[in-house]
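# Summary of the model geometry
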Amino acid sequence: MSDSSKNYQIFISHSSKDRDFAWDLSVNLEREGFNCWIAPRDIPAGRKYELAIMEGIDTCPVMVVVCSSNINDSDYVMDEINAAKRRDKLIISVFTEKGFSFSPVYEFLLSRYQWIEIWDGDIKAHLDKIITAVSNEIKPICKSNSHSFRTTTEAGAIASVQSVNTDGGLNNVDSIRKMAAKGDTWSQYILARMYGSGYILNGSYSEAVKLYKLASSKGHLMARSVLHSLVPSEEDVTDDDLGQWLEKNYDKFLIWADEDNPIAQCDIGWMYQYGKGRKQSYKDAVEWYRKSASQGYARAQNILGVMYRDGIGIEQSFENALNLFKKAADQNYARAQYHIALMYHNGQGVEQSDLTAVSYLKCAADQGHPMAQNFLGYLYQNGFGVNPSDVSAVNWYTESANRGFVYGQYNLGIMYLNGSGVDQSMSIAKKWFEKAAEQNHPGALYNLGVFYEHGYECESSKSKALELFKKAADLGSEEAKSAYEDLSSVS
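Below is a short write-up of the structure. Owing to the predicted nature of the structure, the values given are computational and were not obtained by experimental measurement.

## Focus on the overall build of the protein chain
Within the protein chain, the regular secondary structure consists of 24 helices and 5 strands. Viewed in the frame of its principal axes, the protein chain has a C-alpha envelope of about 90 × 45 × 40 Å. Among the 491 residues that make up the protein chain, the fraction classed as buried is 54%. For the protein chain, the proportion of contacts with a sequence separation of at least 24, taken over those separated by at least 6, is 61%. About 21,900 Å² of surface is accessible on the protein chain, with carbon and sulfur atoms providing 46% of the total. A gap of 4 Å separates the mean positions of the 49 positive and 62 negative side-chain charges of the protein chain.

Below, the structure written as structure tokens:
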């Protein structure tokens, strides 16, 4: 049965080809306080499509028909109109195409009813006409204080200095493997770094995770910290505990570093950069990264490139940054490829070129780099450097989201919410917003607040909506702040 607690008022009948207009129409009507029934949003999971539609028509006193040439190919629209006529519902036709006229069958069905023309697509400008047309049948339930979804995606083009592939010019590899096989914790950690510390690449991901688990189980907190970043379900370590452990074990890193092991040199640079186990010093961080990078260690080259690009502990130089990124990228290091793409997209030290950005992003994305996958999806969605394709955007957002990248999760939720490149699904959209909200994405928290405010795919809950709006507002979302204040004022 339809959810009677939602007090549906307006059934929006539309061809699937007009879903964007129909969705925008429902959003605008609900913002004015009218509860709309629209497919597929209001079809409960597992409910037979036709039965759910009939229940929606039964519930709603009013039907609004989105009229374009697309309805001539839609059997559902004709069946819905006939069902509404038999139940003596008020029917209003909304014309969305200039010059559109009914086919003889639709003219017979709808000629006795009022129609409204919205040829320019500006629903807000014509909304009063629809409200006036329905006013004798229904009144707003909760005018002005309900809120609509955020429906725009985000590039998520952020700096990335963590390691993805650490295969590059290491010394004593055979001896490190032998020591790791004998159970030496530090050799297991170093070897895991060598295999790769983040994402599937050359079949090394599973082996890296296995080695990090071994080292972590024996109390190597740096291994545990890296492991948790790769497998979030694994136990994490607090910043304080990690800092204390690094300080206690600094000498062991130093022994490796003095033997010219570039991984240990890079790790010491990381300690100085972030003040973990060492007093924070960007200058010292740069010097250790230089030592590591000079041995061809791609991870250190990448991080040093970021420091040159951003002027951290060193004079800013886009030229030096690009040179270092390219050295790492030549080793197929995904994060460096991603950073080069950002420089070309933003025109930092190079002539702006999304075409070049896309080529580097594809190299990184094909290796499983989640930031590159998300950004590539964004470029496909907006047609920057590639032919626009919502389907390709969804594919890349999905890859990124499945690897736990918060922007990929949020953007995938938006695509399902809008039905862009994928069948619209409120339930799947909500699932991805929940995942992004766990990582404190303001837009995802705000959209979840809207879900609970309206009771979409969940029981409506003002308290839960307020909690989510407040959390998003505290993270800087002005939209959420306004929603929180609006909803708080409703008794």
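## What about empty space enclosed by the protein?
Evaluation of the coordinates by the stated rule reveals 1 cavity of 30 Å³ or more. If you add up the space inside the largest cavity, you get close to 80 Å³. Only helix H1 (19-31) and helix H22 (442-454) provide two or more residues apiece to the lining of the largest cavity. Broken down by element, the lining of the largest cavity gets its largest block of residues, 4 residues, from H1. Per-class residue counts for the lining of the largest cavity are 5 nonpolar, 4 polar and 3 charged.

## Some points on the environment of Ala-334
With respect to the element layout, Ala-334 can be found in helix H16 (residues 334-346). Here the alpha-carbon distance between Ala-334 and Tyr-360, two residues 26 residues apart in the chain, equals 8.8 Å.

## Here's the deal with the packing of aromatic side chains
Applying the stated criterion to the full structure yields 18 aromatic pairs. The interplanar angle of 10° and the centroid separation of 4.8 Å between the aromatic rings of Phe-11 and Trp-37 together place this pair among those described as stacked. With Phe-11 in strand E1 (residues 10-13) and Trp-37 in strand E2 (residues 36-37), this residue pair connects regions lying 26 residues apart in the sequence. Across this residue pair, the class does not change: Phe-11 and Trp-37 are buried. Put simply, the rings of Trp-23, Phe-149, Tyr-410, Phe-433, Phe-451 and Tyr-456 pair up and form one aromatic cluster. Sitting over the ring of Trp-288, Lys-291 keeps its end group 4.2 Å from the ring centre. The ring centre of Tyr-452 lies 5.9 Å from the NZ or CZ of Lys-464, which sits over that ring.

## Details of the pattern of salt bridges
Opposite charge on two side chains allows them to pair when their charged atoms are near. Summed over all chains, the structure comprises 13 salt bridges. The partner of Glu-154 in a salt bridge is Arg-150, and the shortest N-O contact between them spans 3.0 Å. Between Asp-267 and Arg-193 there is a salt bridge, with its nearest N and O atoms 3.6 Å apart. Of this pair, Asp-267 sits in helix H12 (residues 262-274) while Arg-193 is found in helix H7 (residues 185-195), placing the two residues 74 residues apart along the sequence. Comparing Asp-267 with Arg-193 shows no difference in burial state: the two are buried.

## Brief notes about the sheet that holds strand E3 (residues 62-67)
Sheet strands pair by backbone hydrogen bonding; their relative direction is either parallel or antiparallel. One open sheet holds the 5 strands; their spatial order is E2-E1-E3-E4-E5, and the pairing between them is parallel. Each end of this open sheet is capped by a strand with a single partner; those strands are E2 and strand E5 (115-117). Those strands touched by H1 are E1, E2, E3 and strand E4 (90-95), and its axis lies near 165° from that of E1. Relative to E4, helix H5 (residues 123-134) is tilted by about 165°, and along the sheet it contacts E3, E4 and E5.

## Details of the nonpolar core
If you look at soluble globular proteins, the nonpolar side chains tend to sit buried side by side. Tyr-212, Phe-253 and Phe-433 are the most contacted members of the largest nonpolar core, which has 118 residues in total. It is H16 that contributes the most residues to this core, 8 residues altogether.

## Description of the side chain of His-126
Among the secondary structure elements, His-126 is positioned in helix H5. For His-126, a relative accessible area of 14% puts it in the buried group. A polar contact of 3.4 Å, which involves the side chain of His-126, links it to the side chain of Asp-120. Those residues in contact with His-126, other than ones at most four positions away along the chain, are Glu-117, Ile-118 and Asp-120.

## Quick notes on helix H13 (residues 282-294)
Taking 1.5 Å of rise per residue, 13 residues should cover 18 Å, and H13 covers 18 Å from first to last C-alpha, within 8% of that figure. All buried positions along H13 are accounted for by Ala-285, Val-286, Trp-288, Tyr-289, Ser-292 and Ala-293. After H13 finishes, the residue Gly-296 shows a positive phi value of roughly 85°.

## Things to note about the state of the cysteines
As enumerated under the stated definition, the model contains 0 disulfides in all. Here Cys-60 is not cross-linked by a disulfide; its sulfur's nearest cysteine counterpart is in Cys-36, at 8.0 Å.

Rules used in this analysis
- Residues numbered from 1 in each chain as written.
- Predicted model: local features only at pLDDT ≥ 70, side-chain atom pairs only at ≥ 80, totals over all residues.
- Heavy atoms only, no water.
- Helix = DSSP H or I, 4+ residues; strand = E, 2+ residues; numbered from the N terminus.
- Buried < 20%, exposed > 50% of the residue type's maximum accessible area, 1.4 Å probe, protein only.
- Contact = heavy atoms within 4.5 Å.
- Areas by Shrake-Rupley, 256 points an atom, 1.4 Å probe, with all protein chains shown as cover.
- Lys, Arg positive; Asp, Glu negative; His and termini not counted.
- Charge placed at Lys NZ, Arg CZ, Asp CG, Glu CD.
- 1 Å grid on protein atoms, 1.4 Å probe; cavity = no way out; pocket = protein on both sides within 12 Å on 5 of 7 lines; lining within 4 Å.
- Points joined across faces, edges and corners; volume = space filled by probe spheres on them.
- Nonpolar A, V, L, I, M, F, W, Y, C, P; charged D, E, K, R; others polar.
- Phe/Tyr/Trp six-rings, centres within 6.5 Å; stacked < 30°, edge-to-face > 60°.
- Lys NZ or Arg CZ within 6 Å of the ring centre and 35° of its normal.
- Salt bridge = Lys/Arg side-chain N within 4 Å of Asp/Glu carboxyl O.
- Pairing = 2+ DSSP bridges.
- Axes fitted to C-alpha atoms, helices over the stretch in contact; angles between N-to-C directions.
- Core = buried A, V, L, I, M, F, W, Y, C linked by side-chain atoms within 4.5 Å.
- Polar contact = N/O pair within 3.5 Å; in protein donor to acceptor, adjacent residues only side chain to side chain.
- Expected span 1.5 Å × (residues − 1).
- Disulfide = S-S within 2.5 Å.

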